[in-house]
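# Notes for the structure review
Take a look at the letters that make up each chain.
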Amino acid sequence: GSNTAATVYIDNSGNLGLGVSNPSEKLHVNGNAKIQGNLTVDGTYTQIDTDVTTTEQWLVTNDGTGPAAVINQKGSQDIFDVQDDGTSVFYIEDGGQIGMGTTSPTARLHIESVDDAVIRLKSTDNKAYIALSDNDTDGYISSENSKLSLGASVGVNANNLNIDLSNNNVGIGTSSPSSLLHI
């Protein structure tokens, strides 16, 4: 090869090394690189490897008005696979089904875990609810002021089934059950 500068090397195959004297690819950079402008990568495989002895991270910063990252799967293969030590922990199939703890989600969101606690939803105030809806019905599971409520109304409501978690009293037609079963 010909050494055109102390840190630039071109070998007999036409590989260009910046900071490396034995480039293994058409462009091989040893050290930090900055690209001002657009970068397009075409190929069958793209790898970003931050395997270093200090903290590793991949950081995407967006100062624009659009999304910071767009992944557009044009084929029929699955879309996204986040792994922890080679084990899939967050997976998006072709078609958009999401798996956490599974690479074979059978619903829009499928969570599998060997832990007893599979999911935790928490509000930072004294009221939280989950809405379940189909094309003509809304239902709610609510937690509020030490009570659990299930029914057609958000929050603890006399029209819902209500459980007072401080004494395990159950109320139907009342939001303040005064006995084990209060109807």
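Check the entry above for the structure.
These remarks concern the structure in this document.

Cut-offs applied
Residues numbered from 1 in each chain as written. Predicted model: local features only at pLDDT ≥ 70, side-chain atom pairs only at ≥ 80, totals over all residues. Heavy atoms only, no water. Helix = DSSP H or I, 4+ residues; strand = E, 2+ residues; numbered from the N terminus. Rg over C-alpha atoms; globule rule 2.2 N^0.38 Å. Pairing = 2+ DSSP bridges. Buried < 20%, exposed > 50% of the residue type's maximum accessible area, 1.4 Å probe, protein only. Axes fitted to C-alpha atoms, helices over the stretch in contact; angles between N-to-C directions. Contact = heavy atoms within 4.5 Å. Polar contact = N/O pair within 3.5 Å; in protein donor to acceptor, adjacent residues only side chain to side chain.

### Structural notes on the overall build of the chain
- A tally of regular secondary structure across the chain gives 0 helices and 14 strands.
- Its helices and strands taken in sequence order, the chain reads β-β-β-β-β-β-β-β-β-β-β-β-β-β from the N to the C terminus.
- Since a compact globule built from 183 residues should have a radius of gyration of about 16 Å, the 28 Å found for the chain marks it as more spread out than a globular shape.
- Dimensions of the chain, computed from C-alpha atoms along their principal axes, come out at roughly 90 × 35 × 35 Å.

### Here we look at the sheet that holds strand β10 (residues 138-144)
- Strand order in the open sheet formed by 6 strands is β9-β10-β11-β12-β13-β14, with mixed pairing between adjacent strands. The outermost strands of the open sheet, each flanked by one partner alone, are β9 (127-133) and β14 (181-182).
- Relative to strand β13 (residues 169-172), strand β12 (residues 161-164) runs antiparallel, the two being bridged by 4 bridges. Bridge pairing links aspartate 164 to asparagine 169 in β13.

### A word on the environment of tyrosine 140
- If you trace the backbone, tyrosine 140 turns up in strand β10.
- The exposure class assigned to tyrosine 140 is buried, which follows from its relative accessible area of 15%.
- Considered as a pair, tyrosine 140 and serine 153 are 13 residues apart in the sequence and their alpha carbons are 6.4 Å apart.

### Brief notes about the sheet that holds strand β8 (residues 109-111)
- The sheet built from 4 strands is open, its strands ordered β5-β6-β7-β8 with mixed pairing. In this open sheet, the two strands that pair with only one neighbour each are β5 (80-84) and β8. Taking the axes of each pair of neighbouring strands and ignoring which way they run, one obtains an average angle of 20° across the sheet.

### Details of unusual backbone geometry
- Phi angles above zero are rare outside glycine, and aspartate 85 is one such case at about 55°.
- Along the chain, aspartate 85 turns up in the loop between β5 and β6 (87-92).
- The backbone of asparagine 168 shows a phi angle near 65°, a positive value even though the residue is not glycine.
- Locating asparagine 168 in the fold gives a position in the loop between β12 and β13.

### Structural notes on the pairing of β6
- As defined by bridge partners, β5 adjoins β6 across 5 bridges and the pair is classed as antiparallel. Bridge pairing in β6 places aspartate 84 opposite threonine 87.
- Counting the residues in the hairpin turn of β5 and β6 gives 2 residues, including aspartate 85, whose phi is positive at 55°.
- Pairing between β6 and strand β7 (residues 98-100): 2 bridges, direction antiparallel. Paired with isoleucine 92 across the bridge in β7 is isoleucine 98.
- Counting the residues that bridge the hairpin from β6 to β7 gives 5 residues, and of these glycine 95 lies at a positive phi of roughly 100°.

### A look at the environment of leucine 27
- With respect to the element layout, leucine 27 can be found in strand β4 (residues 27-29).
- If near-sequence neighbours (up to four positions away) are discounted, leucine 27 is found in contact with Leu16 and Leu18.

### Thoughts on the side chain of serine 149
- Inspection of the secondary structure assignment puts serine 149 in strand β11 (residues 147-151).
- Its relative accessible area of 1% is what places serine 149 among the buried residues.
- Polar side-chain contacts of serine 149 include one of 2.9 Å to the side chain of asparagine 160.
- Setting aside anything within four residues of it in sequence, one finds serine 149 in contact with Tyr140, Ile141, Ser142, Gly155, Val156, Asn157, Asn160, Leu161 and Asn162.

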